[in-house]
There are 2 protein chains.
Amino acid sequence: MVSIKDVAKRAEVAISTVSKVLNNYPNVSEGTKKKVRQAIEELNFVPNTVAAALSSKHNFRIALLINTITQTKAIDEIDMQYLSGAIHKAKELNLDVVPIFFSMIEEKSIAEIIAYFQSQSITGIIVYGLSKDDKVLHKLIERQIFKMVLIDAPLVNSATSAVWVNQKQAQYDVAKKTITENMEVGHSMAEELSMEKGRSIVEELSTSKRILYIAGKKNGYVTEERIKGMKQLAQELNLQLMIQWGEFSELQARQITFAHAHSCDVVICASDLMAIGAMKALMEMDIFRPVCGFDGITLMGYVGKQMNTIRQSFSAISARAVEELWLLMKDQEGREVILPHTIVRLHYEDIIC
Amino acid sequence: MVSIKDVAKRAEVAISTVSKVLNNYPNVSEGTKKKVRQAIEELNFVPNTVAAALSSKHNFRIALLINTITQTKAIDEIDMQYLSGAIHKAKELNLDVVPIFFSMIEEKSIAEIIAYFQSQSITGIIVYGLSKDDKVLHKLIERQIFKMVLIDAPLVNSATSAVWVNQKQAQYDVAKKTITENMEVGHSMAEELSMEKGRSIVEELSTSKRILYIAGKKNGYVTEERIKGMKQLAQELNLQLMIQWGEFSELQARQITFAHAHSCDVVICASDLMAIGAMKALMEMDIFRPVCGFDGITLMGYVGKQMNTIRQSFSAISARAVEELWLLMKDQEGREVILPHTIVRLHYEDIIC
DNA sequence: CTGTTAGCGCGTTCAG
DNA sequence: CTGAACGCGCTAACAG
């Protein structure tokens, strides 16, 4: 294997000089830089990240801590996009990436977890989907031993940054669009309801719509933000808001829908998967209610019915997280980064290719 | 960070002794082993894999080379299962894992690729979905510089193993089941056809069924095996086999179906995604043809219609690949490993949870 | 059976 | 601006 030594020999300079041009140090003359670069090309030299990590104090191995809550494998898409975005960006920045699943560290004490990461020469960690209940990880964040970037959790300190989209705004936007769109469409639902219940609900409708909001997990960071968005919207549009906890589970959303859809006008879901569960339930109940989701996963294109949903680019978010981690490792202060989102409807024709 | 030195000090032995018990070397007395183990526990010591990799000649870092042909993100599920299976098994065996996408090494020469892997101290590589056209990787396999395990490609040499399911048999099985099931069900299709075309096809049916087989990529390893399975079946059941190249693309399968489904009795697809494309096309054409797929991805549960498909456990395959790589690195000879498959129908009720 | 020693490939002082 | 020398944490002969 060709090492820095070979490059030094070929360029007729010292090893440390090669190291310096490799790491863009100042105080190297253009002439020697050229020589070294040429030698590197000729020898096809690629610096050994493993050795670099061992040698340098601020080494550059980062862990991707993936919370694979994927009850349904259908949303592996999200994790895969996270991984892909991070891995590509990491290569660009010459970072070594170590993918780690939550299951690999759960039940471990802080001391063990710290030892584990240190044993891997890991200095930076990206956490995908931190749960509010995860005491150990929260302690890890507080301790500031590692540089950390949190996806979808708004914790910031001088060693920790946060990256996510504006959850509150996004939920507000997609819900508002779904509700108002439906108001324009007409009164089919009102008619249906009045027939069902045998009473006029024109009055009810004119006063306020009843919204079934199927939320995510209790005490979840994103969940709370999204609920805030819903509450604001409810106030503005004078809506009756019924909140149920779907736990991001398609099945639970399904059951909640069976139980409560009859007494509601619109179903807003905090995830696409739950939206799909709700939609399928509605179809089985043979009633129509507008439904919207959150995430923009491809699966939405396959379920037949189109729904509004929030599209966030998971790979872009993840790539940005790597960049933020990189900045932290360069001793920048932690900060919160808000990335953009869009409202979309996924058609089968759009996702097929 | 606690290092082997600290352990040695605490256990009152030499560093190398600690290293020996760490790596299960012989010639260490039970007494000192105990002492060392205790010190390790007390200090929460985890050996630094990076340093180990640098030092040892047969280091244990493996690359996962992922061919993310995922035109549709809906099948990220497969890659994610691959990754998950490999990563968990790798942790079990104390291997360092480096996920690499094909896009990161494409356009590189062999020399560059070798340099890249060596620079990462990688000694073993798992290739997911090797294309027959990938000259560079084939050369890499021939050269036997790295230990390699190929998923879904039957190349074997003393440094290379192959892991896959029996593609020919699987395709044969699922196609046979789909075709014969349909024969038992009755003549709805025959009737429909005869009405459409205004002629009796009872005679045709009694002689031979016409099968549209939507295959994968030309020159693909799995594709060729699966076609063999279809040909054998065609011979046994006296079928007319029409083979079209779907390139594993949902869209192409859709177009092929539009073009040829009318003149066929059954549509057999070499992947679930293509099966979904075919099925959706059939629904739009408003005709019925039995369809089956291959892979067993969760998405199949969402498309409404049930189909037969081949379920293979991607995580199990991947985990096994890691084990095989481990054996190769322990200087075992390469070999071919066939893993089991099953025929399933995916219901929505089965995949939801 | 145990300890000593020499690297693995690289980053980093600190003299020159 | 350059180079010699040391060490990161660990493995692997080799001595004892």
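Structure shown above.
Residues numbered from 1 in each chain as written. Chains lettered and ligands numbered in written order. Predicted model: local features only at pLDDT ≥ 70, side-chain atom pairs only at ≥ 80, totals over all residues.

### So, the overall build of chain A
Assigned secondary structure in chain A consists of 15 helices and twelve strands. For chain A, the residues scored as buried account for 48% of the 353 residues in total. Restricting the contact set of chain A to residue pairs at least 6 apart, pairs at least 24 apart contribute 68%. (Helix = DSSP H or I, 4+ residues; strand = E, 2+ residues; numbered from the N terminus. Buried ≥ 20, exposed ≤ 12 C-beta atoms within 10 Å, placed from the backbone. Contact = placed C-beta atoms within 7 Å.)

### Some remarks on the protein's contact with DNA strand D
What surrounds DNA strand D is a group of 27 residues, the closest being Ala14 and Ser16 of chain A together with Ile4, Ser16 and Ser19 of chain B. When contributions to the surface near DNA strand D are tallied by element, the ones reaching two or more residues are α2 (15–22) and α4 (49–55) of chain A together with α2 (15–22) and α4 (49–55) of chain B. Its residues assigned to classes, the surface near DNA strand D shows 13 nonpolar, 13 polar and one charged. (Near = placed C-beta within 6 Å. Nonpolar A, V, L, I, M, F, W, Y, C, P; charged D, E, K, R; others polar.)

### Things to note about the packing of helix α12 (residues 250–260) of chain A against helix α13 (residues 272–285) of chain A
Residue and element names in this part refer to chain A. At a minimum axis distance of 7 Å, the contact between α12 and α13 shows a crossing angle of 40°. When the interaxial angle is binned, α12 and α13 end up oblique. For α12 against α13, the interelement crossing comes out right-handed. Across the interface between the two elements, Glu250, Leu251, Ala253, Arg254, Thr257 and Phe258 of α12 pack against Leu273, Met274, Ile276, Gly277, Ala278, Lys280, Ala281, Leu282 and Met285 of α13. Among the residues making up the contact of α12 with α13, the classes are represented as ten nonpolar, two polar and three charged. (Axes fitted to C-alpha atoms, helices over the stretch in contact; angles between N-to-C directions. Parallel < 35°, antiparallel > 145°, perpendicular 65-115°, else oblique. Left-handed = near helix turned anticlockwise from the far one by under 90°.)

### Some details on the interface of chain B and chain A
Where the parts come together, the accessible area they lose is often given as the size of the interface. Facing 48 residues of chain B, the contacting portion of chain A comprises 49 residues. Contributing elements (two or more residues each) for the side of chain B that touches chain A: α4, α5 (76–92), β2 (96–101), α6 (110–119), α12 (250–260), α13 (272–285) and α15 (348–351) of chain B. Ranked by residues supplied to the side of chain B that touches chain A, first place goes to α5 of chain B with seven residues. Grouping the constituent residues of the side of chain B that touches chain A by class yields 27 nonpolar, 13 polar and eight charged.

### A word on the relation of the copies chain B and chain A
Mapping chain B onto chain A calls for a screw motion: a turn of 180° about the axis and a shift of 0.0 Å along it, with 0.1 Å RMSD after fitting. The superposition of one copy onto the other is thereby described by a two-fold rotation axis. By residue overlap, the copies meet face to face through one surface: 100% of the interface positions of chain B are interface positions in chain A. (Least-squares fit on C-alpha atoms with pLDDT ≥ 70 in both.)

### Overview of the sheet that holds strand β5 (residues 160–165) of chain A
Note: strands within a sheet are paired through backbone hydrogen bonds, in either parallel or antiparallel orientation. All names here are of chain A. On the basis of which strands lie adjacent, the open sheet formed by six strands has the order β2-β1-β3-β4-β5-β11 and parallel pairing. Since the sheet does not close on itself, it has two edges, and those belong to β2 (96–101) and β11 (336–339), each with one partner. Across the sheet, the mean angle from the axis of one strand to that of its neighbour is 20°, orientation sign disregarded. Of the pairings in the sheet, the one linking strand β4 (residues 147–151) to β5 comprises four bridges and is parallel in character. The partner of Ile151 across the bridge, within β5, is Val163. Here helix α5 (residues 76–92) sits on the sheet and contacts β1 (61–66), β2 and β3 (122–128); the angle it forms with β1, its principal contact strand, is near 175°. (Pairing = 2+ DSSP bridges.)

### Looking at the protein's contact with DNA strand C
Lining the immediate environment of DNA strand C, one finds 28 residues, of which Ser3, Ile4, Ser16 and Ser55 of chain A together with Ser16 of chain B sit closest. Looking at the surface near DNA strand C, the elements with two or more residues in it are α2 and α4 of chain A together with α2, α3 (30–43) and α4 of chain B.

### Regarding the pairing of strand β10 (residues 308–311) of chain B
All names here are of chain B. Along β10, one buried face is formed by Asn308 and Ile310 and the opposite face, lined by Thr309 and Arg311, is buried too. In the sheet, β10 pairs with strand β12 (residues 342–345) via four bridges, with the strands oriented antiparallel. What sits directly across from Asn308, in β12, is Arg345.

### Looking at unusual backbone geometry
The phi dihedral of Asn44 of chain A is positive, around 60°, even though this residue is not glycine. In this fold, Asn44 of chain A is placed in the loop between α3 (30–43) and α4. Residue class for Asn44 of chain A comes out partly exposed when judged on the 17 C-beta atoms lying within 10 Å of it. Although it is not a glycine, Asp331 of chain B sits at a positive phi angle of roughly 70°. The topology assignment puts Asp331 of chain B in the loop between α14 (314–329) and β11 (336–339).

### Things to note about the environment of Leu212 of chain A
All names here are of chain A. The residue Leu212 is located in strand β6 (residues 210–215) in this model. Taking the C-beta count within 10 Å as the criterion, Leu212 has 25 such neighbours and is therefore assigned buried. For Leu212 and Thr68, which are 144 residues apart along the polypeptide, the C-alpha to C-alpha distance reads 27 Å. Apart from the residues lying within four places of it in its own chain, the contact partners of Leu212 are Met242, Gln244, His260, Ala261, Cys264 and Val267.

As far as function goes, none of this settles anything; it's purely spatial.
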